[in-house]
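Per-entry structural report
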Amino acid sequence: IAGEDLFGFCFDLGHANILGLRVRDFLVGIGHRLTCLHIHDNDQWKDLHQIPFSNKIDFEAIVKALKEIDYKGYFTLEADSYLGKHHNKDTVFKA
């Protein structure tokens, strides 16, 4: 078992931003063990669950870090606050 990759990480960008973490350093440090990302934006104070690029998170740095570690995992968009305000269950999935 020693040295095996038995577990992966799910990293929440919004929560990391609230905690004031250096997200790029965390992503690079986790590296190939990063298996999923929760993506949303916030003002660094509240867990607002807004769409990316709408508040304080530096998504350009995040994209660079993901490229650096050759990320191939899952992305979960957690923008329910935005979607709830601007869409309803009848319109959210219409093109």
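Residues numbered from 1 in each chain as written. Predicted model: local features only at pLDDT ≥ 70, side-chain atom pairs only at ≥ 80, totals over all residues. Heavy atoms only, no water.

**Remarks on the nonpolar core**
Just so we agree on the cut-off: Take the buried Ala, Val, Leu, Ile, Met, Phe, Trp, Tyr and Cys residues and link them wherever side-chain atoms come within 4.5 Å; each set so joined is a nonpolar core. Remark: exposure states derive from per-residue accessible area (1.4 Å probe, protein chains only) relative to the maximum for the residue type, with buried under 20%, exposed over 50%, and partly exposed in between. In this text, helices come from DSSP runs of H or I with a minimum length of four residues, and strands from runs of E with a minimum of two, each type numbered from the N-terminal end. Throughout, a residue-residue contact means that at least one pair of heavy atoms, one from each residue, lies within 4.5 Å.
Counting residues in each nonpolar core, the largest one holds 17 residues, and the members touching the most others are Phe-11, Leu-13, Leu-27, Leu-34, Leu-37, Ile-62 and Leu-66. Listed by contribution, the elements that provide at least two residues to this core are α1 (13-19), α2 (23-30), β2 (34-39) and α3 (59-68). Residues contacting Leu-66, with those up to four places away along its chain left out, are Leu-27, Leu-34, Leu-37, Tyr-71 and Phe-75.

**Notes on the sheet that holds β2**
Note the following rule: Strand pairing follows a simple DSSP-based rule, namely that at least 2 bridges must link the two strands. To obtain each axis, a line is fitted to C-alpha atoms, and for helices this fit is confined to the stretch in contact; angles are then taken between N-to-C directions over 0 to 180 degrees.
The strand order across the open sheet formed by three strands is β1-β2-β3, and the pairing between neighbours is parallel. Of all strands in the sheet, those with a lone pairing partner are β1 (9-12) and β3 (74-77), marking the two edges. Neighbouring strand axes in the sheet, compared pairwise and without regard to direction, differ in orientation by 20° on average. For β2 and β3, the ladder comprises four bridges, and the chain directions are parallel. Counted as the bridge partner of Cys-36 is Tyr-74 from β3. Across the sheet, α2 is in contact with β1 and β2; its angle to β1 comes to roughly 170°.

**Brief notes about α3**
Inclusion rule: Note that the arc is defined by the directions from the helix axis to the C-beta atoms. For this analysis, a polar contact is any N or O atom pair within 3.5 Å, provided that within protein one partner can donate a hydrogen and the other can accept it, and provided that sequence-adjacent residues contribute only side-chain to side-chain pairs.
The set of residues buried in α3 consists of Phe-59, Ile-62, Ala-65 and Leu-66. An end-on view of α3 places all buried positions within 115° of arc, on one side of the element. Projecting away from the buried face of α3 at angles above 90 degrees are the exposed residues Glu-60, Lys-64 and Lys-67. Among the residues of α3, the N-terminal cap falls to Asp-58, whose side-chain oxygen and the backbone nitrogen of Glu-60 are separated by 3.4 Å. In the stretch just after α3, Asp-70 is the one whose phi turns positive, near 55°.

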